[in-house]
Amino acid sequence: MNAHHTLRVALVGNPNSGKSTIFNQLTGLRQKTGNFPGVTVDIKAGNLRLPDGREVELLDLPGTYSLHPTASDERIVTAIFANPADRFYPDVAVYVADATNLEKHLLLLTQLMDLGLPVVVALNMTDTVQEMGMQLNAPALAAAINAPVVCVSGRTGDNMPLLVEEIMRTADKKSAAAPGKSFYRFRDIENQVAEAISLNLRVENPYRALLIGHHFEWLPFLTEEEKATLRAIIQTKTFVSLRAQVDETLDRYERFPPLVEKTVKKPQTAPENTTDRIDAVLTHRIWGPVLFTAVMLLVFQSIFDWSSIPMDYIETVFTDLNGWLSERLPAHWLSSLLTDGIMAGLSGVLVFVPQIALLFFLITLLEEVGYMARVVFMFDRIMRRFGMNGRSIVALISGGACAVPAIMSSRTIGNWQERLITTLVTPFISCSARLPVYAVLIALAVPSKRIAGILNLQSLTFGGMYLLGITAALASGWAMKKWLRTREASYLAIELPVYRMPHWKNVWLTVWEKVSAFVWGAGKIILLISIVLWAMASFGPGDAMNQAEVAAQTTAAAKNLDETAAADLIAAKKLEASWAGVLGKAIEPAIRPLGYDWKIGIALITSFAAREVFVGTMSTIYSIGSANDELALRQKMKAARFDDTGLPVYSLATALSLLVFYALAMQCMSTLAVVKRETGSWKWALLQFVFMSLLAYTGAWLAYIGASWWG
Amino acid sequence: MQRRYRTIPDLHLHESARAIAFNNPALAGKLTAMGLLPGSMVEMVRTAPFGQAYYIKADGVRMALREEEAAGVLLEG
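**Let's talk about the overall build of chain A**
- The helix and strand tally for chain A stands at 33 helices and 12 strands.
- When the backbone C-alpha atoms are referred to their principal axes, chain A occupies close to 95 × 60 × 55 Å.
- Burial analysis of chain A (711 residues in total) assigns 45% to the buried set.
- Once local pairs closer than 6 in sequence are excluded, the contacts in chain A between residues at least 24 apart make up 72%.

In structure tokens, the structure reads:
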């Protein structure tokens, strides 16, 4: 190991070992979630300084039970440890084990030890151990497995300095360490396979060779030739991999009880049953779903309503700042770029922060106490039909407020396919940004009359829009499940952890991490698109914008318009002459079958920034931009006629068609940006955009045809 | 004649039985890694609100299993 190499330490452990709490204790804010190309699961990286001043790169690897993975999202850990040349392969592995349930945590530990890399054991949850009246004998375990063992508590932070010291000591000792004897006693066939692989692939460690023998088909670092060699070895030895994996696991387990007896002394008391009592209510046949609905109402209320207070504040601050700036800056396109492009984009990014922070505060809290596993248990059956996971229900419900934080919350879904489907269908759920669009269009086209005495037709249409979104989400989830059908068996076998008080540091760090990931990750894309949209509305081909301005001024003077009305008219004519206007007119033939004119075309383009922009653009085009008056806009829209036929633009059919379009189309650059960030590539983001746009176009067309024919 | 073993869905509420084997190796790999072993005491705690999933305890460890997985755990007696 050369001197320039920074020490890399990886935290390894079972899903409920408290690994991430220890990671947070050791790194605090000096961490980032790596979006590593080709890696679809979260690997967190952070920095840690050793007492001697050395910097350590600390990795938090995904929790797993065994180095023989049973689902594709668990493969990453095996792929790292099977390949010493891997970019994540650590110099020292810190194995985090739950001391209250040691026996279940020894499987992965002994597998790790057999790989011959330096391991430090962090025996976690010593605070709970004390509460339960148990006694731990760390030296006994250390002697039995021949590795240093440190008793720690991730929650209280007890003994963290000791753990760091032990990591340092182990890292220094490393070069001198002799290859230890394998804990697992290989069977004959395993010896033969491992030897053949060692010989052919120059793998020194026998257990690593055996792991490669089990999993070479999907291990990413092997070449096709190497795989062919391995295939030949497995065939000639008639090695039955799956069978051998189970046998190995069982053999290991057989030798754990004496180890556990030496290490843990349990008092003769009744087992913990608070969790049982809580679960008797929270997972109850009737009360379970009822209480879940109540919890989700709270979540929904927080991101729909409470977050609007800071959101309005952020928008006001930006509006005021923009007003202040435009008064002082010279009338130049650079000033406009700053105020209408960059500042508007920044405001568009920051306005999401309250929603993201609130949603993740609540979701992390539910995750921390152990409730999320129960949600998966209760809703697995319903969501699985639509290609999703019990957890997806939280994303879908949150999508009713805003798809951006909702999609970010789907990160915790372990199965990649279920996570992808959740990400792809969540934007169908009608979010709060669709409300102003729905409100204008419904008030415009749907008569406010009562049906059967109590139901208002307008409210009924509103409800119908929500229903349309939910149906589209579930139906496309179902279709994608059929389309993406993988051969990989899908399991629901999850641990339901003991309920615990939340660890607040974990909650705050998650909120911080999600907010900064959004601002720095998706924010860049949102800012960029916002500037492009600004440019399209601010520049026109050649001298067209200037000519339009002059013409509008002449008209205004001729009609004797007051200052505001003149400014509104100029704004409308300039927008018409801009690239956005040109494009709006260019797409008119394509959107005419849906009942739209070029003015709606412009609004379709500008409202890609966010759906609610539709209302603002319509106001500008109908020369009432300054009024901010929905009633005036509705009157203008009602009076609008097609340029050629002279027929009214906003018939019931057009309004319904627009409603359907906005319900189904991915008219939101922030969602696009967040999907790109969460899936790690433009591929899914663009595919989703195309898919949703096509569906919206078809749906809107059918609505137009249907309504024209019927009405 | 082939003997049909009882499996987890056959358990009554709060009934316990010892697991003896699994009906497929992939499932065996998953469940043994989580600590549900041949020899583990399995207790039926409750079924999911909408069915097709079970809340069980294996040697005191709480787990949720789908119908298919639960039916793959063969029980004694």
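**Looking at the overall build of chain B**
- For chain B, the count of helices and strands is 2 helices and 6 strands.
- Along chain B, helices and strands appear, N-terminal first, in the series β-β-α-β-β-β-α-β.
- Here the C-alpha radius of gyration of chain B, 11 Å, is about what a compact globule of 77 residues would show, namely 11 Å.
- With respect to the principal axes defined by its C-alpha atoms, chain B has extents near 35 × 30 × 20 Å.
- Residues counted as buried form 47% of the 77 residues belonging to chain B.

**Structural notes on the interface of chain A and chain B**
- Contacts between the two partners involve 32 residues from chain A, matched on the other side by 27 residues from chain B.
- Only helix 3 (102-114), helix 10 (241-254), helix 13 (287-306), helix 17 (371-385) and strand 12 (493-495) of chain A provide two or more residues apiece to the side of chain A that touches chain B.
- Of the residues in the side of chain A that touches chain B, the class split is 18 nonpolar, 8 polar and 6 charged.
- Looking at chain direction, strand 12 of chain A and strand 5 (residues 61-66) of chain B are connected through 3 bridges and run antiparallel. Counterpart to Ala493(A) in the pairing with strand 5 of chain B is Leu65(B).

**Description of the sheet that holds strand 12 of chain A**
- One open sheet accounts for 7 strands, arranged 12(A)-5(B)-4(B)-3(B)-2(B)-6(B)-1(B); its pairing is antiparallel. The two strands at the open ends of the sheet, each matched to only one other strand, are strand 12 of chain A together with strand 1 (6-7) of chain B.
- Examined bridge by bridge, strand 1 of chain B and strand 6 (residues 73-75) of chain B share 2 bridges and lie antiparallel to one another. For Arg6(B), the partnering residue across the bridge sits in strand 6 of chain B and is Leu75(B).
- The strands touched by helix 17 of chain A are strand 12 of chain A together with strand 4 (53-58) and strand 5 of chain B; relative to strand 4 of chain B, the strand with the most contacts, the crossing angle is about 140°.

**Regarding the confidence of the model for chain B**
- Considering every residue of chain B, the mean pLDDT works out to 92; 96% of them sit at 70 or more.
- Here the predicted complex carries an ipTM of 0.95, next to a pTM of 0.87.

**As for helix 1 (residues 25-34) of chain B**
All names here are of chain B.
- Counting buried positions along helix 1 yields 8 of 10 residues, so the element is predominantly enclosed.
- Turning to helix 1, its buried residues are Leu-27, Ala-28, Gly-29, Lys-30, Leu-31, Thr-32, Ala-33 and Met-34.
- At the exit of helix 1 stands Gly-35, carrying a positive phi of roughly 105°.

**Some points on the pairing of strand 5 of chain B**
- Buried residues dominate strand 5 of chain B, accounting for 5 of its 6 residues.
- Turn length for the strand 4 of chain B-strand 5 of chain B hairpin, with the two strands adjacent in sequence and antiparallel, is 2 residues, and the turn residue Asp59(B) shows positive phi of about 50°.

**A look at the packing of helix 13 of chain A against helix 16 (residues 353-369) of chain A**
Residues and elements named next belong to chain A.
- Running from N to C, helix 13 and helix 16 cross one another at 165°; their axes reach a closest spacing of 9 Å. When the axes of helix 13 and helix 16 are compared, the pair comes out roughly antiparallel. Handedness of the crossing formed by helix 13 with helix 16: right-handed. Contact residues: Val-299, Ser-302, Ile-303 and Trp-306 in helix 13; Gln-355, Leu-358, Leu-359 and Leu-362 in helix 16.
- Its residues placed into classes, the contact of helix 13 with helix 16 shows 6 nonpolar, 2 polar and no charged.

**Overview of the nonpolar core**
- By size, the foremost hydrophobic cluster in this structure holds 213 residues, and its most contacted members are Leu11(A), Val94(A), Tyr95(A), Val121(A), Ala122(A), Leu659(A) and Ala64(B).
- In terms of residue count, the dominant contributor to this core is helix 31 (residues 652-664) of chain A (10 residues).
- The residues contacting Leu11(A), other than those within four sequence positions of it, are Lys19(A), Ile22(A), Phe23(A), Leu58(A), Leu59(A), Asp60(A), Leu61(A), Val94(A) and Val96(A).

**Considering the environment of Gly581(A)**
Residue and element names in this part refer to chain A.
- Locating Gly-581 in the fold gives a position in helix 26 (residues 579-586).
- Take Gly-581: there are 27 C-beta atoms within 10 Å of it, and that puts it in the buried class.
- Apart from residues lying up to four places away in sequence, Gly-581 is in contact with Leu-575, Glu-576 and Ile-602.

**Side note on the environment of Gly584(A)**
All names here are of chain A.
- Structurally, Gly-584 can be placed in helix 26.
- Taking the number of C-beta atoms within 10 Å as the measure of exposure, Gly-584 has 27 and is therefore buried.
- Excluding anything up to four places from it in sequence, Gly-584 contacts Trp-598, Gly-601, Ile-602 and Ile-605.

**Considering helix 15 (residues 333-350) of chain A**
Residues and elements named next belong to chain A.
- The terminal C-alpha atoms of helix 15, which comprises 18 residues, lie 24 Å apart, in line with the 26 Å expected from a rise of 1.5 Å per residue.
- Where helix 15 bends most, at Met-343, the angle is about 30°.
- Restricting attention to buried positions, one finds in helix 15 the residues Asp-340, Gly-341, Gly-345, Gly-348 and Val-349.
- Buried residues along helix 15 sit in contact with helix 23 (504-538).

**A closer look at the pairing of strand 3 (residues 43-49) of chain A**
- In terms of strand pairing, strand 3 of chain A meets strand 4 (residues 55-60) of chain A through 6 bridges, oriented antiparallel. Bridge pairing in strand 4 of chain A links Gly46(A) to Leu58(A).

**Notes on unusual backbone geometry**
Residues and elements named next belong to chain B.
- With phi around 60°, Gln-52 is a residue other than glycine that occupies positive phi space.
- Within the secondary structure layout, Gln-52 lies in the loop between strand 3 (41-47) and strand 4.
- Residue class for Gln-52 comes out partly exposed when judged on the 16 C-beta atoms lying within 10 Å of it.
- The phi dihedral of Asp-59 falls on the positive side, at around 50°, and the residue is not glycine.
- On the secondary structure map, Asp-59 appears in the loop between strand 4 and strand 5.

Cut-offs used in this document
- Residue numbers run consecutively from 1 along every chain, following the written order of its sequence.
- Going through the entries in the order they are written, you letter the chains from A and number the ligands from 1.
- Two thresholds apply to this predicted model, a pLDDT of at least 70 for residue-level local features and 80 or more for giving and counting side-chain atom pairs, whereas whole-chain, interface and lining totals are computed over all residues.
- Each helix is a run of DSSP H or I of at least 4 residues and each strand a run of E of at least 2, with the numbering of both proceeding from the N terminus.
- Every C-beta atom is placed from the backbone, and the number of other C-beta atoms within 10 Å of a residue's own sets its class: buried at 20 or more, exposed at 12 or fewer, partly exposed in between.
- Contact criterion: two residues are in contact if their C-beta atoms, reconstructed from the backbone, are within 7 Å.
- In this setup the radius of gyration rests on C-alpha atoms only. A globule is expected at 2.2 Å times the number of residues raised to 0.38.
- Under this grouping Gly is polar, as are all residues other than the nonpolar Ala, Val, Leu, Ile, Met, Phe, Trp, Tyr, Cys and Pro and the charged Asp, Glu, Lys and Arg.
- By this definition, two strands are paired if DSSP reports at least two bridges between them.
- Axes here mean lines fitted to C-alpha atoms, for a helix over just the part in contact, with angles spanning 0 to 180 degrees between N-to-C directions.
- pLDDT measures how confident the predictor is about each residue, on a scale from 0 to 100.
- Angular relationships are summarised with four words: roughly parallel below 35 degrees, roughly antiparallel beyond 145, roughly perpendicular across 65 to 115, and oblique for the angles in between.
- Less than a right angle of anticlockwise turn of the near helix away from the far helix marks a crossing as left-handed, whereas a clockwise turn marks it as right-handed.
- We define the nonpolar core as any set of buried residues of the types Ala, Val, Leu, Ile, Met, Phe, Trp, Tyr and Cys, connected via C-beta atoms lying within 7 Å of each other.
- By this rule the span expected of a helix is its residue count minus one, scaled by 1.5 Å.
- A residue's bend is simply the angle between two axes: one fitted to the seven residues ending at it, one to the seven starting at it.

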